[in-house]
Structure formats: C-alpha cells, structure tokens
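So you can see what is in the structure, the chains are spelled out below.
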Amino acid sequence: MSTTSPETTTQQEWLGRYSASLMNTFGTPQRVLVRGEGAYVWDADGNRYLDLLAGIAVNALGHAHPAVLKAVSEQLGTLGHVSNLFTTEQQVTLAERLLGLLGAEGKVFFANSGTEANEAALKLTRRTGRTRLVAATGSFHGRTMGALALTSKEAYRAPFEPLPGEVTFVPYGDPDALRAAVDETVAAVVLEPIQGEAGAVEPGPGYLVAAREVTAAHGALLWLDEIQTGIGRTGAWFAHTAAGVVPDVVTLAKGLGGGLPIGACLAVGAAADLLQPGNHGTTFGGNPVAAAAAHAVLDTIEAEGLLERATVTGERLRAGLADHPFVTDTSGAGLLVGVGLAEAVAPQVQQEVLARGVVINAAAPDRLRLVPPLILTEDQADAAVAVVRAVLDTYATGQETDA
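Before going into details, it helps to say that this report is about the structure given with it. Because the structure is predicted, anything quoted here is derived from the model rather than measured. (Residues numbered from 1 in each chain as written. Predicted model: local features only at pLDDT ≥ 70, side-chain atom pairs only at ≥ 80, totals over all residues. Heavy atoms only, no water.)

### Here's the deal with the packing of helix α3 (residues 66-76) against helix α10 (residues 288-303)
- Where α3 contacts α10, the axes come no closer than 8 Å and their chain directions differ by 150°. Here α10 runs roughly antiparallel to α3, going by the angle between their axes. In the packing of α3 onto α10, the handedness of the crossing is right-handed. Contacts between α3 and α10 involve A67, V68, A71, V72, Q75 and L76 on the former and, on the latter, P288, V289, A292, A293, A296, V297 and T300.
- Per-class residue counts for the contact of α3 with α10 are eleven nonpolar, two polar and no charged. (Axes fitted to C-alpha atoms, helices over the stretch in contact; angles between N-to-C directions. Helix = DSSP H or I, 4+ residues; strand = E, 2+ residues; numbered from the N terminus. Parallel < 35°, antiparallel > 145°, perpendicular 65-115°, else oblique. Left-handed = near helix turned anticlockwise from the far one by under 90°. Contact = heavy atoms within 4.5 Å. Nonpolar A, V, L, I, M, F, W, Y, C, P; charged D, E, K, R; others polar.)

This is the structure:
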C-alpha cells in the first residue's frame with residue numbers, strides 16, 4: 001500500500017495511479033476531485049469548479065448537503081444493511097412515498113442504479129407473455145446487456161451483439177412510427193419523456209399521449225424511463241406529468257439518492273403484480289441507508305421549493321445562452337438543459353469551459369448538456385452562462401472570419 005499522503009499527491013500522480021489500477025472503460029478522467037460543497041467541487045491541485053454536471057444529474061442537492069449527511073449518518077448508526085429477506089421502515093415508506101408522488105396505485109422494486117431499474121422493468125415486461133419491445137432512436141437506457149438492448153447508439157451496442165430481446169427502434173417524437181410498429185406482439189414501448197444522454201432532446205407535443213393511446217389499444221405496457229428526468233430535474237417530480245398520461249411502468253435513479261446509489265422500478269395497476277417471488281432479486285436494493293438518503297432528498301426538495309427553483313433557474317440558463325450567435329437552439333425543461341452548437345465542437349467547448357472553472361457535458365458532437373444540482377442559485381447560473389458565452393465567443397468569431 002502506498003505511503004504517499006493524499007494531501008501531497010498531485011493530480012498528475014493520481015491520474016497515473018488511476019491508469020495503472022483501473023480498467024480503461026472511461027478513458028482518462030478529466031480531473032481528480034477531492035471534495036465538494038453545494039454547487040462547487042475542488043480538484044487535487046486546489047482548483048475550484050462550479051458544477052453544472054452534478055455527477056450526471058445525480059447530486060440533486062449538490063455536494064455534502066447537511067440533510068443527506070444527517071440522514072445517512074443516523075441510519076448507519078442503527079441499520080446499514082439487512083438484505084431483502086427482511087424489510088425496514090425506510091424501504092416501505094419510500095415505496096409508499098414514490099407511489100404517492102406518481103399519483104397511482106402500484107408497487108415498487110428497488111435496485112442500485114438506473115440500468116438495474118431498467119433490467120427489472122425489462123424482466124417485468126417478459127411476464128406479459130410477449131417478447132417484442134419498441135424503443136426510440138437516440139435513446140439511452142443503460143449498459144447492462146438488457147438495458148443496452150434498448151439503447152440505440154451503435155457504438156455502445158456493436159461490441160456486445162447479439163443482444164437479448166426483440167427490439168424495434170423507431171424515430172423519437174414520431175407518433176406515426178409508433179403506431180406502425182406496435183401490434184399485439186409488443187410487450188412494451190419504452191421511452192424517455194426527454195432524452196437526456198442525447199442532449200435534452202424533446203419529442204414534441206402530443207407524443208406521450210400518442211404512445212399511451214397506441215399501447216392501450218394493443219394491450220402493451222407504456223414504460224417511461226425517468227432515470228434522468230425524474231425527482232425534480234425538469235421542475236416536476238416526473239417529466240411525464242405535463243402530458244397528462246399515466247404509464248404502466250416508471251424507472252427512476254440518479255437524483256433520487258442525492259449521491260447514494262439507488263434505483264426504483266414503479267409498476268402501476270395490473271403491471272404491479274407481474275413479478276412474483278423468485279422472478280427477480282437484489283442484494284443491496286432498497287437498503288435502509290440509500291432509502292434514508294432518498295427521503296432526505298425528497299424532504300429537502302419539498303421544504304426548499306426546489307421544483308419551482310429548477311424551473312426558474314433552468315429558464316435563466318436557457319435564456320442566457322439562446323441568443324448567442326453560435327447557439328442553434330436550447331431545449332429541455334427545468335435543470336435539464338440542452339444547447340445546440342453551430343458546429344460539431346462540443347467536446348472542445350466543454351474542455352475550454354472546464355479550464356475556466358465550470359463543469360458541463362458534451363452530450364453529442366454539436367450539443368452541450370447542463371444538469372446542475374437543483375440548489376443552483378441564479379447568481380451561479382449567471383456566472384456559468386458568462387463562462388460558456390465567453391468560450392463560444394471565440395468560436396463565433398472564427399465562424400465570422402471563415403465566412
């Protein structure tokens with residue numbers, strides 16, 4: 001074991017040790033982060049960054065939030081883990097609470113991540129007796145084999161084919177394509193209300209309503225992946241509520257645990273009874289520590305009015321960038337913000353913004369994604385906009401020169 005003090009180890013030294021000891025599944029990390037507070041993080045060299053990525057929409061309350069710290073510490077002082085041969089008050093009350101927020105009668109399966117929540121939902125669809133699934137182009141549902149089968153990006157899929165399942169991909173946002181693809185052989189249609197990994201891509205008005213109508217007409221389940229859009233991210237508990245539809249299955253993760261790993265598969269009505277004893281399981285899913293953290297997140301969102309703040313601050317971010325000459329469009333809802341660029345330079349822009357102290361994400365070659373913590377203030381949003389605009393100015397100037 002190394003005797004090097006963490007306080008004296010430089011960022012480059014940590015990165016060297018990383019490459020020597022961890023599998024190369026993510027490439028070289030952009031920074032070595034050592035602590036966070038609120039909407040800020042610090043790296044191993046002492047540099048501070050305004051975090052508009054939030055662990056990819058995970059840290060809903062930012063970093064080191066006292067409510068999460070208190071809930072986790074108190075829970076670890078009583079029960080940390082019990083297995084699912086037993087249950088706890090935290091697990092039961094969280095399930096009840098999520099169903100209450102959804103506004104529907106049903107049941108919950110807890111997992112540890114979004115991809116695991118989607119695996120549970122995928123197995124649930126098989127219990128209908130049908131095997132075909134319909135998903136959308138541009139979708140992202142996870143990296144395990146089942147979730148990957150529902151993810152359309154060829155670069156993710158190709159190395160692991162053949163993938164399980166019978167999945168048909170249709171253009172996202174096209175109701176006619178859905179109608180043409182769904183028949184009595186389809187177990188479920190799985191959609192994101194807004195596609196997060198694609199860069200906050202919206203399907204257009206009426207799309208989820210059409211999806212609900214076509215699935216109901218053919219006895220198929222409507223499964224909405226709210227892993228990135230749920231738990232206040234879009235200014236509502238669930239992004240789909242704006243459409244007025246009631247899905248059969250909803251999957252959650254990311255912001256639910258405020259940084260702790262937790263996922264949930266919510267099933268409504270008859271779908272709630274499809275999985276029976278022996279059909280599925282988990283060792284850590286719904287453990288009392290993660291459940292306590294989730295309660296703290298929900299409590300804080302309610303107490304601090306963070307749904308409204310997400311709406312207001314998200315619009316402030318979009319408005320602050322929409323009129324830039326290098327920006328083609330802004331999209332999303334609440335604090336799920338997409339920014340289209342005039343050229344395919346998003347990775348370069350992201351790196352230059354990072355060098356100036358702001359963390360954002362290049363979701364696509366020509367698209368940026370901002371998913372800050374829900375506690376982001378208007379002043380912090382303005383500061384981030386100023387940095388992004390300053391970087392984009394250099395590209396817009398080059399564009400004018402080329403013209």
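### A few points about unusual backbone geometry
- The peptide bond linking E161 to P162 adopts the cis configuration, its omega dihedral lying at 5°.
- The phi torsion at I231 lies on the positive side, around 60°, for a residue other than glycine.
- Locating I231 in the fold gives a position in the loop between β8 (221-225) and β9 (249-252).
- Even without being glycine, K254 reaches a positive phi, approximately 35°.
- Take K254: it is sitting in the loop between β9 and β10 (263-268).

### A few points about the pairing of β9
- Side chains V249 and T251 of β9 all project onto a buried face; the interleaved residues V250 and L252 project onto the opposite face, where all are buried too.
- When β8 meets β9, the two strands line up parallel, connected through three bridges. Within β9, the residue paired with W223 across the bridge is V249.
- Note: β9 against β10, four bridges, orientation antiparallel. Note that in β10 the partner of T251 across the bridge is C265. (Buried < 20%, exposed > 50% of the residue type's maximum accessible area, 1.4 Å probe, protein only. Pairing = 2+ DSSP bridges.)

### Digging into the sheet that holds strand β15 (residues 367-370)
- Read across the sheet, four strands follow the order β11-β12-β15-β14 without closing on themselves; strand pairing throughout is antiparallel. Every other strand in the sheet has two partners, leaving β11 (327-333) and β14 (361-364) as the edge strands with one partner each. Across the sheet, the mean angle separating the axes of adjacent strands is 30° when strand polarity is ignored.
- By the bridge criterion, six bridges tie β11 to strand β12 (residues 336-341) in an arrangement that is antiparallel. Opposite D329, over in β12, you have G340 as the bridge partner.
- Along the sheet, helix α11 (residues 306-322) contacts β11, β12 and β15; its crossing angle with β11, the most-contacted strand, is approximately 175°.
- Together, β12, β14 and β15 form the strand contacts of helix α12 (residues 346-355), whose direction differs from that of β14 by roughly 170°.

### Remarks on helix α4 (residues 89-102)
- Compared with the 20 Å implied by 1.5 Å per residue over 14 residues, the 20 Å span of α4 between its first and last C-alpha is a close match.
- Those residues of α4 that sit buried are Q90, Q91, L94, A95, R97, L98, L99 and L102.
- Elements in contact with the buried residues of α4: α3, β4 (106-111), β9, β10 and α10.
- At the C-terminal side of α4, G103 shows a positive phi close to 75°. (Expected span 1.5 Å × (residues − 1).)

### Overview of the environment of Q348
- Tracing the backbone shows Q348 in helix α12.
- In this structure, the C-alpha to C-alpha distance between Q348 and V391, residues 43 residues apart in sequence, is 9.8 Å.

### Points about the packing of aromatic side chains
- A complete count under the given rule lists four aromatic pairs for this structure.
- Judged by centre distance (6.5 Å) and plane angle (50°), the ring pair of Y40 and W42 falls under tilted. Summarising the burial analysis for this pair, Y40 and W42 share the class buried.
- When the centroid spacing of 5.7 Å and the interplanar angle of 35° are considered together, the rings of F326 and Y395 count as tilted. Within this pair, whereas F326 is found in the loop between α11 and β11, its partner Y395 is found in helix α13 (residues 378-402), the two being separated by 69 residues in sequence.
- Y395 sits in the buried class, given a relative accessible area of 15%.
- Positioned over the ring face of W42 is R35, at 3.8 Å from the centre of the ring.
- One cation-aromatic arrangement involves R143 over Y156; the distance from NZ or CZ to the ring centre is 3.8 Å. (Phe/Tyr/Trp six-rings, centres within 6.5 Å; stacked < 30°, edge-to-face > 60°. Lys NZ or Arg CZ within 6 Å of the ring centre and 35° of its normal.)

Geometry only, nothing functional implied.
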